[in-house]
Every structure is written in structure tokens, then in C-alpha cells.
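Analysis of the macromolecular model
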Amino acid sequence: MRHLNSSIFIAAGLLTGFGIAGAGLVAVTQQGTAERIAQNEREALLANIAKILPADVANNDLLADTVTVSAPQQLGARQTTVYRGRRDGEPSAAVFSAVEAGGYAGPIRLIVGVRADGTLGGVRVLSHRETPGLGDRIEESRSDWVAGFDGKSLTNPPAEDWKVKRDGGEFDQFTGATVTPRAVVKAVKQTLEYAREHWGELFAANGDTAQTG
């Protein structure tokens, strides 16, 4: 009986040890994976910012000059990070990430660059779940549709023309997928409106201050 009890204790101890070791391995793996994911997301964000905000527009460290805003009615997301561009210390551009548009299959996360003169530096899609072959043409790699926002403003085209052509506006829709471009156009327009209305506040705020709209 004593031998049996001893064997049970040994087996229980081994199982406990394996369990602890396994849990520790999973935790280490998850931490390493999370760090890699965060680094990949950072690199992707930097690459997208570089595409819509040339180096001659801002010469500060945008990733170190941010403010978080809460304006879901205009920017879609509950919280939106704004990267503030400055040229020799003066406000020159703002990059909004992530703006959310209500797509056909779910949220569409965007990054939108707005220059101090109210023109768009550009727009890029960060993530979406739109239909492959139809709605996914909002991706830069799928078509040049998103490049059509470059240089646009609330006066070019006029505000009333910030719609897809099917709705009487300026922007192309996709064959078989009008909902997706319609949502993106609306989101970009609302981002421009928010930037115009809150430009001074964005650059006056401390980095840890959240503005509301």
C-alpha cells in the first residue's frame, strides 16, 4: 500500500510538473508571437504612413507625436489615433488611424492622411472582410481605386459630390459591389470634415489628451 501511495504521489508530481512546464512554454510562445505581431503591425503602419505622407511634408517623428481622439460619429471607431506631422515644428499634416467604414461584410479600417491645407495626402486600407474579387478592390494591391483620393479636398470635388457615381457623385463604384466604395468615400469625407473642424485642437492637445467630436 505504501508503495502504491508513493507511486501515485510521484505520478501526480510529474503531471503537475509537465503542466507547469507546458503552461510556461505556451506563455513564452504567446509573448514572443505577440511581440512579432506588434512589430509587424508597426512596420506596416510606417510603410503606409510613408506612402501617404512624403518626407518633405513632415520631418518630425510621427510615432512619438500622437493624440487619441474619440469621435465615433465622424471617424467610425470608438477611439482613433492621430499621428501629427510637423515641418520644422509647425503643423503640416495629420494621419488618422484607424478610421472605420461600415463595409458590406464588416468594418473597414483605414488610414487617412490630411495635409494642413485640407487636401488628402492619401488613403490606405489596413484591414477589411469584403468579398474577394469585388469589394477587395479597395486594396492598393488589387487596383488603383484608392489612389483616386490623393490631393482631393472638401472643395475638390465639392462636398455634395463626395459620393459614388451611382449616387450622383464623383467617385467610381465597383461592378457588383457599390456598398464598399460608398462606405469608404463617406468615411474619408467625414475624416476631412473632422480635421477641418478640429485642426487647432489636435495640435494644441497634449499627447495623452483625448479630444471628442
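Remember, predicted model here, so these are calculated numbers, not experimental data.

1. So, the nonpolar core
One finds Phe96, Leu110 and Phe149 to be the most contacted residues of the largest nonpolar core, which totals 38 residues. Put simply, the parts of the chain that give this core at least two residues each are strand 1 (66-70), strand 3 (90-102), strand 4 (107-115), strand 5 (120-127) and helix 3 (179-204). If one sorts the elements of this core by residue count, helix 3 sits on top with eleven residues. If near-sequence neighbours (up to four positions away) are discounted, Phe96 is found in contact with Leu75, Thr80, Thr81, Val82, Leu110, Ile111, Val112, Val114, Thr191, Tyr194, Ala195 and Leu202. If you look at the next biggest cluster of nonpolar residues, it comprises eleven residues, including Ile52, Leu62, Tyr83 and Val95.

2. A closer look at the layout of surface pockets
One number sums up the size of the largest pocket: a volume of about 260 Å³. Glu41, Arg42, Ala44, Leu45, Asn48, Thr81, Tyr83, Ser97, Ala98, Arg109, Val125 and Leu126 together form the lining of the largest pocket. If you list the elements that add at least two residues to the lining of the largest pocket, you get helix 1 (2-52), strand 2 (80-87), strand 3 and strand 5. Considering each element in turn, the lining of the largest pocket owes the most residues, five residues, to helix 1.

3. With respect to the pairing of strand 2
Counting buried positions along strand 2 gives six out of eight residues, so the element sits mostly inside the fold. Relative to strand 3, strand 2 runs antiparallel, the two being bridged by seven bridges. Looking at the pairing, Tyr83 lines up with Val95 of strand 3. What sits between strand 2 and strand 3 in their antiparallel hairpin is a turn of two residues, with Asp88 showing a positive phi close to 55°.

4. Observations regarding the environment of Gly122
For Gly122, the location among the structural elements is in strand 5. Taking the C-alpha atoms as reference, Gly122 lies 9.3 Å from Val95; in sequence the two are 27 residues apart.

5. A short note on the pairing of strand 5
Moving residue by residue along a regular strand, the side chains alternate between the two faces of the sheet. With respect to burial, strand 5 is a largely interior element, six of its eight residues being buried. Relative to strand 5, strand 4 runs antiparallel, the two being bridged by six bridges. Bridge pairing links Val114 to Leu120 in strand 5. Between strand 4 and the antiparallel strand that follows it, strand 5, lie four residues; Gly118 among them carries a positive phi value of about 90°.

6. Brief notes about the pattern of salt bridges
In the structure shown here, the tally under the stated rule is nine salt bridges. With a closest N to O distance of 3.4 Å, Arg124 and Glu140 form a salt bridge. Taken together, the positions of Arg124 in strand 5 and Glu140 in the loop between strand 5 and helix 3 put the pair 16 residues apart, joining distant regions of the chain. Among the residues examined, Glu140 registers a relative accessible area of 37% and is labelled partly exposed. Linked through salt bridges whose partners overlap, the residues forming this network are Lys51, Arg124 and Glu140.

About the criteria used
Residues numbered from 1 in each chain as written. Predicted model: local features only at pLDDT ≥ 70, side-chain atom pairs only at ≥ 80, totals over all residues. Heavy atoms only, no water. Core = buried A, V, L, I, M, F, W, Y, C linked by side-chain atoms within 4.5 Å. Buried < 20%, exposed > 50% of the residue type's maximum accessible area, 1.4 Å probe, protein only. Helix = DSSP H or I, 4+ residues; strand = E, 2+ residues; numbered from the N terminus. Contact = heavy atoms within 4.5 Å. 1 Å grid on protein atoms, 1.4 Å probe; cavity = no way out; pocket = protein on both sides within 12 Å on 5 of 7 lines; lining within 4 Å. Points joined across faces, edges and corners; volume = space filled by probe spheres on them. Pairing = 2+ DSSP bridges. Salt bridge = Lys/Arg side-chain N within 4 Å of Asp/Glu carboxyl O.

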